[in-house]
Amino acid sequence: MAFRRKTLAMQRLLLLFFVLLISQLCSAQTNKDKSDKDAFYIRKIYDQALTESQSYHWLHYLSTQIGGRLSGSPQAAAAVNYTQQMLDTLGLDSVWLQPCMVPHWVRGEQEQVRIVNSKSRGTVELTGLALGNSVGTGPHGIAAEVIEVKSIDALETLGKAKLAGKIVFFNRPMDPRQIRTFNAYGGAVDQRVWGASKAVAYGAVGVLVRSITTRIDDIPHTGVTVYEEGVTKIPALAISTKSAELLSQMLTQEPVRVFMRATCETYPDKLSYNVIGEIKGSEKPEEIILVGGHLDSWDVGSGAHDDGAGCVHAMGVLQLIRNMKYRPKRTIRCVLFMNEENGLGGGKAYAAASNQKKEYHLAALESDSGGFSPRGFSCEAEKSIFKEKFKKMINWLPLLEPYGIGFSTGGSGADISPLKSQKGMLIGLRPDSQRYFDYHHTQIDNIDAVNKRELELGTAAMTSLVYLIDQYGLD
């Protein structure tokens, strides 16, 4: 009898083992089927992007027919109208404009920067651009002796005794040893952003800043400068890296006096708009997947890489979704933000409106690193939820690695950063960065610097990630 009970128990164990084995095999087959389906669909996304995408066509118009789109300018208003019309052609569920107030800074006449009365060289012209939001010098310009520093901290060491009445020349290059050039940019850009505010505390009358680029050329790079509240505003201009090298060399030989003139002015804030279009989710419409870029650009070029490329990437995601007749489970929303360059008015207005409506952005994906070949996505979120959501994304690597796409931790995008409190994943597209700062904030950031195929690959990469997030969520 005992033997029989043992035999029955063994049979039950064997039966349970085979049931579990079959279940695991079925589950593995189901997962394989899903993976095969996803791989096929992502391949289809890339095929569509490389043959049917309108991204390059849209960017060509933005760059050649509208040009630089500084917030508050007629060109920025034209870009709002154009992109709204283009989104209207895609058959979306909704397209609308979201008001936001933006700064209205105007560059004015061509800047002048020159070395004057040099004992060895006489007068030497330097190439320069006023930094965004800078005050002007007045119509007659200013002239003063130049003091070179490598860092903001060096100002304290020199003190008022050596800096009062002088033009401070910030000459710290981007670190060429950094493989990802955005890291080098982050290590040098503080002098451009805060240099004028810090230098005036020691009596400086103006600031010159070495252009933030690794390339040695005669093309100056503009960008925003920020004045701390309550400080006296002094003019701040960037000079090209060649001009910076020459000025630095001459300072080792003799005292150097520089004349600088800029007629830039800041006018009262103006009303502008974010441009928004969306496809409503069929199952979980309350979960929003945002794709976006910033519509404004600096005035000296046509903003092709920064950030026309990001805008048409985002628009292209919605175009591909519609063309492929894909019905998303979650709401897919394209947002073209206004005023990233010198104020973040659009990003702040969008987040404030979203929070007021108690919306939830499951994921927000921004493209603001140029239109070069995509290399992956950088992700961030509130600490309490990041680990689990990022782990879910890592599972998708086998589907994306064949296209050269990986995931990393780090920043995402300035416009979407105010959404962090909603506890979704914030993601930035990360194209190859080696050439980006050759063009960033310059007169040569034009359509001829953008490769059509590389741009389309960015649209495909973003659409593929949106598809996976929409299919499987991040929980």
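Before reading further, recall that the structure is shown in the block above.
Residues numbered from 1 in each chain as written. Predicted model: local features only at pLDDT ≥ 70, side-chain atom pairs only at ≥ 80, totals over all residues. Heavy atoms only, no water.

### Let's talk about the overall build of the protein chain
For step 1, the next point in the chain: Helix and strand content of the protein chain: 13 helices and 16 strands.
For step 2, the next point in the chain: In terms of overall dimensions, the protein chain has a C-alpha envelope of 115 × 55 × 40 Å along the principal axes.
For step 3, the next point in the chain: Residues classed as buried in the protein chain amount to 56% of the 475 residues present.
For step 4, the next point in the chain: Accessible area of the protein chain: about 20,600 Å², with a carbon and sulfur share of 54%.
For step 5, the next point in the chain: Computing the positive centroid from 53 side-chain charges and the negative centroid from 50, the protein chain places the two 8 Å apart. (Helix = DSSP H or I, 4+ residues; strand = E, 2+ residues; numbered from the N terminus. Buried < 20%, exposed > 50% of the residue type's maximum accessible area, 1.4 Å probe, protein only. Areas by Shrake-Rupley, 256 points an atom, 1.4 Å probe, with all protein chains shown as cover. Lys, Arg positive; Asp, Glu negative; His and termini not counted. Charge placed at Lys NZ, Arg CZ, Asp CG, Glu CD.)

### What about the pairing of strand β2 (residues 112-118)?
For step 1, the next point in the chain: Among the seven residues in β2, five count as buried, and that is most of the element.
For step 2, the next point in the chain: Relative to strand β9 (residues 257-261), β2 is paired through five bridges, and the arrangement is antiparallel. Across the sheet, V113 pairs through a bridge with M260, a residue of β9.
For step 3, the next point in the chain: Two elements, β2 and strand β3 (residues 122-126), share four bridges in a ladder whose sense is antiparallel. Each residue of the ladder has a partner; that of S118, found in β3, is G122.
For step 4, the next point in the chain: In sequence, β2 turns back onto β3 through a hairpin of three residues. (Pairing = 2+ DSSP bridges.)

### A closer look at the layout of surface pockets
For step 1, the next point in the chain: There is about 610 Å³ of room inside the largest pocket.
For step 2, the next point in the chain: The wall of the largest pocket is formed by 27 residues, among which F182, Y185, E340, D368 and A414 lie closest to the centre.
For step 3, the next point in the chain: If you list the elements that add at least two residues to the lining of the largest pocket, you get α5 (181-186) and α12 (436-439).
For step 4, the next point in the chain: The greatest single-element share of the lining of the largest pocket, amounting to four residues, is contributed by α5.
For step 5, the next point in the chain: In terms of residue class, the lining of the largest pocket is made up of eight nonpolar, twelve polar and seven charged.
For step 6, the next point in the chain: The volume enclosed by the second largest pocket comes to roughly 300 Å³.
For step 7, the next point in the chain: Residue lining of the second largest pocket: 17 residues in total, with P103, N133, Y227, K233 and T266 positioned closest to the centre.
For step 8, the next point in the chain: Here the lining of the second largest pocket gets four residues from one element, more than from any other, and that element is strand β10 (residues 265-279).
For step 9, the next point in the chain: Its residues assigned to classes, the lining of the second largest pocket shows seven nonpolar, seven polar and three charged. (1 Å grid on protein atoms, 1.4 Å probe; cavity = no way out; pocket = protein on both sides within 12 Å on 5 of 7 lines; lining within 4 Å. Points joined across faces, edges and corners; volume = space filled by probe spheres on them. Nonpolar A, V, L, I, M, F, W, Y, C, P; charged D, E, K, R; others polar.)

### Describing the environment of P418
For step 1, the next point in the chain: When you line up the elements, P418 lands in the loop between β15 (406-409) and β16 (425-431).
For step 2, the next point in the chain: With near-sequence residues (within four places) excluded, P418 lies in contact with G347 and A351. (Contact = heavy atoms within 4.5 Å.)

### With respect to unusual backbone geometry
For step 1, the next point in the chain: D306 connects to D307 through a cis peptide bond whose omega is 0°.
For step 2, the next point in the chain: Checked against the element boundaries, D307 lands in helix α8 (residues 304-323).
For step 3, the next point in the chain: We note that N133 has phi near 80°; this positive angle belongs to a residue other than glycine.
For step 4, the next point in the chain: In this structure, N133 sits in the loop between β4 (128-130) and β5 (142-149).
For step 5, the next point in the chain: The phi dihedral of K325 is positive, around 55°, even though this residue is not glycine.
For step 6, the next point in the chain: Relative to the helices and strands, K325 resides in the loop between α8 and β12 (330-337).

### Brief notes about the side chain of S464
For step 1, the next point in the chain: For S464, the location among the structural elements is in helix α13 (residues 452-472).
For step 2, the next point in the chain: Beyond its immediate stretch of four places on either side in the chain, S464 contacts I42, I45, Y46 and L400.

### Considerations on the environment of K329
For step 1, the next point in the chain: By the secondary structure assignment, K329 is in the loop between α8 and β12.
For step 2, the next point in the chain: The class for K329 is partly exposed, based on a relative accessible area of 22%.
For step 3, the next point in the chain: Measuring from C-alpha to C-alpha, the distance between K329 and Y467 comes to 9.6 Å, with 138 residues separating the pair along the chain.
For step 4, the next point in the chain: Discounting chain neighbours no more than four positions away, the residues touching K329 are G281, S282, E283, K284, P285, D470 and Q471.

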